[in-house]
Amino acid sequence: MFDIVFWILAAVTVGAALAVVILRDVFRAALSLVLLFLTIAVIYITLYADFLAVAQILIYVGAISILIIVAIMLTREVWHGSPSGKLRIPALVVSLLLLGILVFTVVSTKWEMSGESPQQPTTAAIGSSLFGEGGFILPVEITAVLLLAAVLGAIVLIREK
Amino acid sequence: MSVGLEHYLVLSAVLFSIGLYGVLAKRNAVVILMCIEIMLNAVNIALVAFSRYVVPMFLTGQIFAIFVIVVAAAEAAVGIAIIIAIYRSRESVDVDKFDLMKW
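Just so it is clear, the structure is predicted and the values come from calculations on it, not from any experiment.

**Some details on the overall build of chain A**
Right, so step 1: From N to C terminus, chain A includes six helices and zero strands.
Right, so step 2: Seen in sequence order, chain A has helices and strands lined up from the N terminus as α-α-α-α-α-α.
Right, so step 3: Relative to the 2.2 N^0.38 estimate, which gives 15 Å for 161 residues, the radius of gyration of chain A is 20 Å and therefore markedly larger than a compact globule would have.
Right, so step 4: Each of the three principal axes of chain A carries a C-alpha extent, and together these read 50 × 45 × 30 Å.
Right, so step 5: For chain A, contacts bridging at least 24 residues in sequence account for 57% of all contacts bridging at least 6.
Right, so step 6: Surface accessibility of chain A: about 9700 Å² in total, with carbon and sulfur atoms responsible for 76%.
Right, so step 7: The centroid of the 8 positive side-chain charges in chain A is displaced by 22 Å from the centroid of its 9 negative side-chain charges.

**Let's talk about the overall build of chain B**
Right, so step 1: Assigned secondary structure in chain B consists of three helices and zero strands.
Right, so step 2: When the helices and strands of chain B are placed in sequence order, the string is α-α-α.
Right, so step 3: What you see for chain B is a C-alpha radius of gyration of 17 Å, clearly larger than the 13 Å of a compact globule of 103 residues, by over 25%.
Right, so step 4: A total of 103 residues make up chain B; the buried ones form 61% of that total.
Right, so step 5: Contacts spanning at least 24 positions in sequence make up 58% of the contacts within chain B whose residues lie at least 6 apart.
Right, so step 6: Looking at chain B as shown, the accessible area adds up to about 4000 Å², and 71% of this sits on carbon and sulfur atoms.
Right, so step 7: Averaged over its 7 positive side-chain charges, chain B has a centre that lies 4 Å from the centre of its 7 negative ones.

**Let's talk about the interface of chain B and chain A**
Right, so step 1: Counting residues at the interface gives 70 residues for chain B, matched by 80 residues for chain A.
Right, so step 2: Interface area for chain B against chain A, summed over the two sides, is near 6900 Å², with a carbon-plus-sulfur share of 77%.
Right, so step 3: In terms of surface lost to chain A, no three residues of chain B exceed Tyr21, Met34 and Ile69 of chain B, which account for 9% of the buried area on that side.
Right, so step 4: Run the count over chain B and chain A and you get zero salt bridges.
Right, so step 5: Counting across the interface, chain B meets chain A through four residue pairs in polar contact (both at pLDDT 80 or more).
Right, so step 6: In terms of residues, the side of chain B that touches chain A owes the most to one element, helix α3 (residues 60-90) of chain B, which gives 23 residues.
Right, so step 7: Of the residues assigned to the side of chain B that touches chain A, the class counts are 52 nonpolar, ten polar and eight charged.

**Looking at the packing of helix α6 (residues 137-158) of chain A against α3 of chain B**
Right, so step 1: Where α6 of chain A meets α3 of chain B, the axes come as close as 9 Å, and the angle between the chain directions of the two elements is 10°. When the axes of α6 of chain A and α3 of chain B are compared, the pair comes out roughly parallel. Each of Pro139, Val140, Thr143, Leu146, Leu147, Ala150, Ala154, Leu157 and Ile158 of chain A in α6 of chain A lies in contact with α3 of chain B, whose residues at this interface are Phe67, Val70, Val71, Ala74, Ala77, Val78, Ala81, Ile82, Ile84, Ala85 and Arg88 of chain B.
Right, so step 2: Partitioning the contact of α6 of chain A with α3 of chain B into residue classes produces 18 nonpolar, one polar and one charged.

**Looking at the confidence of the model for chain B**
Residues and elements named next belong to chain B.
Right, so step 1: For chain B, the average pLDDT comes to 89, and 98% of its residues sit at 70 or higher.
Right, so step 2: For chain B, per-element mean pLDDT is lowest for α3, which scores 91, and highest for helix α1 (residues 5-25), which scores 94.
Right, so step 3: For this predicted complex, the interface confidence comes out at an ipTM of 0.91, alongside a pTM of 0.91.

**Regarding the packing of aromatic side chains**
For any two aromatic rings, the description comes down to two numbers: the centre-to-centre distance and the angle of the planes.
Right, so step 1: Counted by the stated rule, this structure contains five aromatic pairs over all chains.
Right, so step 2: For the pair Phe6 of chain A and Trp7 of chain A, a centre-to-centre distance of 5.4 Å together with 70° between the ring planes defines the contact as edge-to-face.
Right, so step 3: A relative accessible area of 3% places Phe6 of chain A in the buried class.
Right, so step 4: An aromatic cluster is defined as three or more aromatic residues linked by ring pairs; in this entry it consists of Phe6 and Trp7 of chain A together with Tyr8 and Tyr53 of chain B.
Right, so step 5: Above the face of the Tyr53 of chain B ring, Arg52 of chain B is positioned so that its terminal group lies 4.6 Å from the ring centre.

**What about α6 of chain A?**
Right, so step 1: Helix length check: α6 of chain A, at 22 residues, gives a terminal C-alpha distance of 32 Å against a target of 32 Å (1.5 Å per residue), a fit within 8%.
Right, so step 2: Considered for burial, the residues of α6 of chain A that qualify are Val140, Thr143, Ala150 and Ala154 of chain A. Looking down the long axis of α6 of chain A, one finds its buried residues gathered within 70° of arc, a one-sided arrangement. In α6 of chain A, those exposed residues whose orientation departs by more than 90 degrees from the buried face are Leu138, Ile142, Val145 and Leu148 of chain A.
Right, so step 3: Contact partners of the buried residues in α6 of chain A: α5 (123-131) of chain A together with α3 of chain B.

**Re the pattern of salt bridges**
Residues and elements named next belong to chain B.
Right, so step 1: Under the defined criterion, the tally for this structure stands at one salt bridge over all chains.
Right, so step 2: The shortest N-O distance in the salt bridge between Asp94 and Arg27 comes to 2.6 Å. Separated by 67 residues along the polypeptide, Asp94 in the segment after α3 and Arg27 in the loop between α1 and α2 (29-53) bring together distant segments of the chain.
Right, so step 3: Here Asp94 falls in the buried class, since its relative accessible area comes to 9%.
Right, so step 4: We classify Arg27 as partly exposed; its relative accessible area is 25%.

Conventions and cut-offs
- Residues numbered from 1 in each chain as written.
- Chains lettered and ligands numbered in written order.
- Predicted model: local features only at pLDDT ≥ 70, side-chain atom pairs only at ≥ 80, totals over all residues.
- Heavy atoms only, no water.
- Helix = DSSP H or I, 4+ residues; strand = E, 2+ residues; numbered from the N terminus.
- Rg over C-alpha atoms; globule rule 2.2 N^0.38 Å.
- Contact = heavy atoms within 4.5 Å.
- Areas by Shrake-Rupley, 256 points an atom, 1.4 Å probe, with all protein chains shown as cover.
- Lys, Arg positive; Asp, Glu negative; His and termini not counted.
- Charge placed at Lys NZ, Arg CZ, Asp CG, Glu CD.
- Buried < 20%, exposed > 50% of the residue type's maximum accessible area, 1.4 Å probe, protein only.
- Buried area = accessible area lost by both parts, 1.4 Å probe.
- Salt bridge = Lys/Arg side-chain N within 4 Å of Asp/Glu carboxyl O.
- Polar contact = N/O pair within 3.5 Å; in protein donor to acceptor, adjacent residues only side chain to side chain.
- Nonpolar A, V, L, I, M, F, W, Y, C, P; charged D, E, K, R; others polar.
- Axes fitted to C-alpha atoms, helices over the stretch in contact; angles between N-to-C directions.
- Parallel < 35°, antiparallel > 145°, perpendicular 65-115°, else oblique.
- pLDDT = per-residue confidence, 0-100.
- Phe/Tyr/Trp six-rings, centres within 6.5 Å; stacked < 30°, edge-to-face > 60°.
- Lys NZ or Arg CZ within 6 Å of the ring centre and 35° of its normal.
- Expected span 1.5 Å × (residues − 1).
- Arc of directions from axis to C-beta.

Structure representation (structure tokens):
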């Protein structure tokens, strides 16, 4: 049962990613990107990452996809489509080469699996290791500064002169 | 053969390669930004799969994935701001015409 779910998810995810790259209509590519984000959230659920699945839906499906669609509408380039550049064949060769290397490495490595069952509700554990004693509190603070800098940078870049 | 760590890693590798092809081959800057998001999501799948199968008692992979999501959100905001700023001056989002830093 779990295997069938995984194979369906993998097929839909790869199909949506291929549609983003292949479709000539930029807006349809953005919509299939939203489908990709949703299936990745379900993949997180199959990996017992419930908090991450909700965060994926909130941030990617909710925010980033809207940002991308607004960008498509603000830059009236929809009728130009998404053409490929002169480097299409070299790019295909490079990405297939990288795929071959990655798959070979993954298959030939002997991974040290742990037989333990995963933590089931992860939200409390993630919260305590993000904000708790000896956790990741410094990266969280730095992330806040990064987000502030990104927001200020976006406002400064987009302001009318 | 039941689904395990290798399956998730191969799925992640396939998504990363598709994203890399899009980044290298496409000419529309917004589509390139979308392909970068595909690559970041592929990396997140690999991180969460490692967290699930290799160290299930610690959530370090998932926490790292949260930071990747935050940085991706910041990157998308700044990237789209840059694209719109260039579009204002060039009337185009074709990366072949972005030669402002060429000397």
